[in-house]
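Letter by letter, the chains look like this.
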Amino acid sequence: MSLCSKRQSAGWGKSLAPWMSRGAACGALALSLEARADSPMTLFSPADPQAQSIYGISLFVLYITLGIFIVVAGLLTFVLIRYRQRPGDENREPAQIYGSNQIELSWTVIPILIVVTLFLTTTRVILGTEAIAKPKGALEVTVVGHQFWWEYHYPKLGIVTANELHVPVSDEEHPTYLEVTSADVTHSFFVPRLAGRMDVIPNRVNEAWIDPPTPGLYLGQCAQYCGTQHARMLLRVYVQPQADFDAWVKAQQQPARQDFSSDRTAAEGEQVFMHNACINCHAIAGTVATGRFGPDLTHLASRDTIASGAVPNTPGNLRQWIDDPNSLKPGCLMPSMHLNAHDLDTITAYLSQLR
Amino acid sequence: MSTIPAIKGVDETQATQRARTPGGVIHEWLTTVDHKKIGILYITYALIFLVIGGVEATMIRIQLAVPDNHFVSPQVYNRLFTMHGTTMIFFVAMPIVFGFGNYLVPIMIGARDMAFPRLNAFSFWISAFAGVLLYFSYLGASGLYAAGSAPDVGWFAYAPLTAKVFSPGHSTDYWTLAILLSGVGSIGTALNIVTTTLCMRCPGMKLSRMPLLVWIYLVMGGLVFVTISPLTAAQIMLTLDRYLGSHFFDTQAGGSALLWMHFFWIFGHPEVYVLVLPAFAFMNEIVPVFSRKAIFGYPAMVAASVCIGFISLSVWAHHMFTVGMGAAGNTFFVFATMVISVPTGIKIFNWLATMWGGRLIFATPMLFSIAFLFQFLIAGLTGIILAVAPFDWQLHNTYFVVAHFHYVIVGGILFALFAAFYYWYPKIVGRMMSEKIGKWHFWLFVIGFHLTFDFMHIPGLLGMPRQIYTYEADRGWGTLNLIVTIGVLFQAAGVLVFVYNLVRSYYVGKMAGPDPWDAWTLEWSTSSPPPDYNFAVLPTVKSRRPLWDLKHPEDPDSDYEL
Ligand SMILES: [Cu+2]
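Since we're looking at a predicted model, the values are computed, not measured. (Residues numbered from 1 in each chain as written. Chains lettered and ligands numbered in written order. Predicted model: local features only at pLDDT ≥ 70, side-chain atom pairs only at ≥ 80, totals over all residues. Heavy atoms only, no water.)

Peer 1: What's the story with the overall build of chain B in this structure? I'm lost.
Peer 2: Helix and strand counts for chain B come out as 17 helices and zero strands. Its C-alpha radius of gyration of 24 Å places chain B within 12% of the 24 Å reference for a compact globule of 562 residues. Counting across all 562 residues of chain B, residues that qualify as buried make up 67%. By sequence separation, contacts in chain B at least 24 residues apart represent 81% of the contacts at least 6 residues apart. Put simply, chain B shows about 17,900 Å² of open surface, and 72% of that area lies on carbon and sulfur atoms. Charge separation in chain B, taken as the distance between the mean sites of 30 positive and 28 negative side-chain charges, equals 7 Å. (Helix = DSSP H or I, 4+ residues; strand = E, 2+ residues; numbered from the N terminus. Rg over C-alpha atoms; globule rule 2.2 N^0.38 Å. Buried < 20%, exposed > 50% of the residue type's maximum accessible area, 1.4 Å probe, protein only. Contact = heavy atoms within 4.5 Å. Areas by Shrake-Rupley, 256 points an atom, 1.4 Å probe, with all protein chains shown as cover. Lys, Arg positive; Asp, Glu negative; His and termini not counted. Charge placed at Lys NZ, Arg CZ, Asp CG, Glu CD.)

See below:
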């Protein structure tokens, strides 16, 4: 980075000429490194050993290419200045040179050497990521992409949830393995601070793994165009200390709350929900609602956001969502049910109780 | 020494006199089989679509200028980027490089026309029809009486998004048919270019004396055969899926989404070279003339072009590093992709060596060429960055990729095309383009280009995916996107200045004469614009630079060449 800030004065700010773009490239690099703090999806702030190793090789290539750029662009600039036509020599034809085998050989061999170096380094990282056996202690999660939301299964723990992935703080022996597939079109699972993306392809299961050592919330989003609301198919990964994760698992394993004797509105809302088309698309464990076209709502109230991270999970947003999903996420696949205000209030009250 | 007979004194034929009335002019252009006229048709058509695609790009950029923008709806936005990509590749870039090829290839090899003039006309008109068909989807995609809508599946149209369940209506069919038909035109023109080059060279023009431009068009033509065929096959399979119940890409019935990707990218990647090779071709003609030196290492340049042609066929899956190909597949495609940078590097170094020791004249064609060299260098380097598969796991489908390929297509190909316009316009029209306005064009476009595409890399590094109609404010991409959008204004201004220059010079430009740049290839030996038959008497050449030999009888090239 010091390399860059020194050159920065040479100016990406006034990138007036192509030969200034050296400054631009360099400034861009400096800028992006500095911007790591305020961008939650930057690869320059890896939070997982795998992302870390990608970051390492990324810097390595960035510096090699920067080096090549400086040499070649420097030569070009030199040629432009040194051999420009000057007043007075308009009629002189320079000596005609048709080629030179030695020189041409040298600029064939040097790039080959660089390529070999880069190739070997790259191969090491590829093998380190893709060619390792799954450890016994791995936690397994199945990720299913849907047109514009994410479904998560924990097959060994008996949990089904949506849109917010919870994983424990982990290490090499106890990573989280993601088996990713799609229910409809191709998507891509992309949480840059944890790992490179993995495409989510129908009729095919891909495997990815993460082992983040620090708790926190890591953001990402679908990275393969999948239709109208591709932009709002966001990803949230909650990395929790083991104890917190265990508590979360325990809560999620419970069926949905059904005793609403203390809350008449919610009880009424449950009835409205169970008698509407909602149950064709949504599942709530322990009830007649078993639809699988939309997200599982069993513990909806335990989530921070709704509609795949599109809006915070507040009663107001929830009510607006149920009333007219298109107003929050135009083009999403949940239709408006045209419920009256009373039904909207009660369903909202009911769903808000599903912790 | 070469013999290039003067062409003065040849009578205007009756046909050209008849063409003087307005009706006659139109009839003449609609029915022409002259390679020069067809070339001009191709170029004009491409310029019209360039403006349309540019307007789409501008709307895209306005929408992305700030987070959570509501300038257009997601539906409209998705159509915009699909149409922008499809238009720019199939109805701007392809026709424009074919246009220049059509015009230049015969004349540079001392021929009077293409090998198959009528096929040539057919190819142009079928491509033109395809472009109109694509845009007719705005009216007709769901049937004229329902609302029309344009394709919205992205320009690479990944299956199964294109399946009937996910893309009902007819917009995807318009896309499919438009591409299929434009492919027919491309194959026809490629066939013509290859045949013309192999069979129609004038006496003395051995393959080893062919201008590099023609060599490259030969390679490019060959590449078109190999790449358009799988694309066409894929479109047919897709249509079978949609209408006749086959399941090639229908994942719901056991089809494969990956199969489409392979088909598309085995077309898609070599396609990049189909487009960028002509850019190299223009450089090979322009850089030597404005450096006043012969091209450095002609045999190496030919070899590099041929190598690029072949290697480009083995790199397609670098568009698929994230589909879970596994370590072996990824490693292979990393290697193939990196290797292609070697012949490309040779080209850059040879241009540098051509300029070394020369006398560089900074006329507008040369300015665009110099910018090309810098920008293509950067584009190549970001290409290497993306070839490093693990880095690509982070960058794939982000704005870094978008910035990279726009560096190739705009910073490389479009700049080379601008250079070509300024260089050959005098030949085609007979008048010079204004140098002063040309410099305005150059600087506006350079500033705009760098504002837009330099800064576009950064949101990519910060994780911004492509093809999203809006983004969250908390992502930290806002300011950068605003700068990117501002750059578009400069580029648009540059293009307007360019179009103004084209039109204005047609009427008031300085008369060019046959050889305004003191150049060395055969097209400059005939009048500007050349007569219908190009050469009154076919020339005979003895070296790669026949006009150099003519101008320097004391020191002809033929003494040095092998
Ligand atoms: Cu998606």
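What follows picks up the thread again.
Peer 1: Would you mind going over the coordination of the copper ion with me for this structure?
Peer 2: Tetrahedral coordination by four donors places them ideally at 109.5 degrees to one another around the metal; octahedral coordination by six donors ideally gives 90 or 180 degrees. All names here are of chain A. With distances of 2.1 to 2.7 Å, the protein atoms coordinating the copper ion are His187 (ND1), Cys222 (SG), Cys226 (SG) and Met233 (SD). Around the copper ion sit four donor atoms; with metal-centred angles ranging over 89 to 127 degrees, the donor geometry is tetrahedral. Counting along the primary sequence, the residues that act as donors to the copper ion give the motif H-x34-C-x3-C-x6-M. Considered together, cysteine 226 and methionine 233 belong to a single accessibility category, that of buried residues. (Donors = N, O, S within 2.8 Å, 3.2 Å for Na, K, Ca; no water. Tetrahedral: all angles 85-135°; square planar, octahedral: opposite > 155°, others 65-115°.)

Peer 1: Sorry, what's going on with the interface of chain B and chain A here?
Peer 2: Interface size is commonly expressed as the accessible area that is lost once the parts come together. Opposite the 109 residues of chain B that make contact, chain A presents 101 residues. For the pair chain B and chain A, the two sides together bury roughly 8,900 Å², of which 69% comes from carbon and sulfur. Three residues stand out in chain B for area buried against chain A, namely B:Arg359, B:Phe374 and B:Gln394, and they jointly supply 9% of the buried area on that side. Inspection of the chain B/chain A interface yields four salt bridges. For the salt bridge of A:Arg232 with B:Glu472, the shortest nitrogen-to-oxygen distance reads 2.7 Å. At the boundary of chain B and chain A, one finds 35 residue pairs in polar contact (both at pLDDT 80 or more). At the level of secondary structure, the elements contributing two or more residues to the side of chain B that touches chain A comprise helix 4 (74-108), helix 8 (257-291), helix 9 (298-311), helix 10 (327-339), helix 11 (341-355), helix 12 (364-387), helix 13 (389-395) and helix 15 (435-461) of chain B. Ranked by residue count, the leading element in the side of chain B that touches chain A is helix 12 of chain B, at ten residues. Tallied by class, the residues present in the side of chain B that touches chain A amount to 66 nonpolar, 29 polar and 14 charged. (Buried area = accessible area lost by both parts, 1.4 Å probe. Salt bridge = Lys/Arg side-chain N within 4 Å of Asp/Glu carboxyl O. Polar contact = N/O pair within 3.5 Å; in protein donor to acceptor, adjacent residues only side chain to side chain. Nonpolar A, V, L, I, M, F, W, Y, C, P; charged D, E, K, R; others polar.)

Peer 1: Even after reading the chapter, I still don't get unusual backbone geometry, so can you show me in this structure?
Peer 2: If a residue is not glycine, its phi is most likely negative; likewise, a peptide bond is most likely trans. Residue and element names in this part refer to chain B. Going from alanine 159 to proline 160, the amide bond is cis rather than trans, its omega being 0 degrees. Mapped onto the elements of the fold, proline 160 is located in the loop between helix 5 (117-140) and helix 6 (171-199). Residues serine 528 and proline 529 are joined by a peptide bond in cis, for which omega reads -15 degrees. Here proline 529 is to be found in the loop between helix 16 (478-508) and helix 17 (546-551). Positioned with a positive phi, asparagine 534 is a non-glycine residue whose angle comes to about 65 degrees.

Peer 1: I would appreciate a short explanation of the nonpolar core in the present structure.
Peer 2: For soluble globular proteins, nonpolar side chains are generally found buried alongside one another. Ranked by internal contacts, the top residues of the largest apolar core, which has 265 residues, are A:Phe189, B:Phe100 and B:Trp424. If you tally residues by element for this core, the top one is helix 14 (residues 399-429) of chain B, at 22 residues. Mapping this core onto the domain boundaries places at least three of its residues in each of domain 1 (3-86 + 93-130) and domain 2 (139-252) of chain A. Sequence-distant contacts of A:Phe189, that is, excluding residues within four places in its chain, are made with A:Val143, A:Trp150, A:Tyr152, A:Leu165, A:Leu178, A:Gly196, A:Arg197, A:Met198, A:Val200, A:Leu235 and A:Val237. By size, the runner-up hydrophobic cluster in this structure holds 28 residues, among which are A:Ala289, A:Ala310, A:Met334 and A:Leu344. (Core = buried A, V, L, I, M, F, W, Y, C linked by side-chain atoms within 4.5 Å. Domains from an automatic or database assignment.)

Peer 1: It is not clear to me how a nonpolar patch on the surface should be interpreted in this structure. Could you clarify?
Peer 2: Taken together, the side chains of B:Ile236, B:Leu240, B:Tyr243, B:Leu244 and B:Phe248 define a hydrophobic patch exposed on the protein surface, amounting to about 460 Å² of accessible area. Relative to the helices and strands, B:Leu244 resides in helix 7 (residues 212-244). (Patch = residues over 30% accessible without salt bridge, like charges linked within 9 Å, V, L, I, M, F, W, Y side chains within 5 Å.)

Peer 1: Could you clarify how one ought to interpret the sheet that holds strand 9 (residues 216-221) of chain A in this entry?
Peer 2: Whether parallel or antiparallel, the strands of a sheet pair through hydrogen bonds between backbone atoms. Residues and elements named next belong to chain A. Ordered in space as 4-10-9, the three strands form an open sheet in which the pairing is mixed. The outermost strands of the open sheet, each flanked by one partner alone, are strand 4 (164-168) and strand 9. Neighbouring strand axes in the sheet, compared pairwise and without regard to direction, differ in orientation by 25 degrees on average. Bridge count for strand 4 against strand 10 (residues 234-240) is five bridges, and the pairing is parallel. Looking across to strand 10, one finds that histidine 166 is bridged to tyrosine 238. (Pairing = 2+ DSSP bridges. Axes fitted to C-alpha atoms, helices over the stretch in contact; angles between N-to-C directions.)

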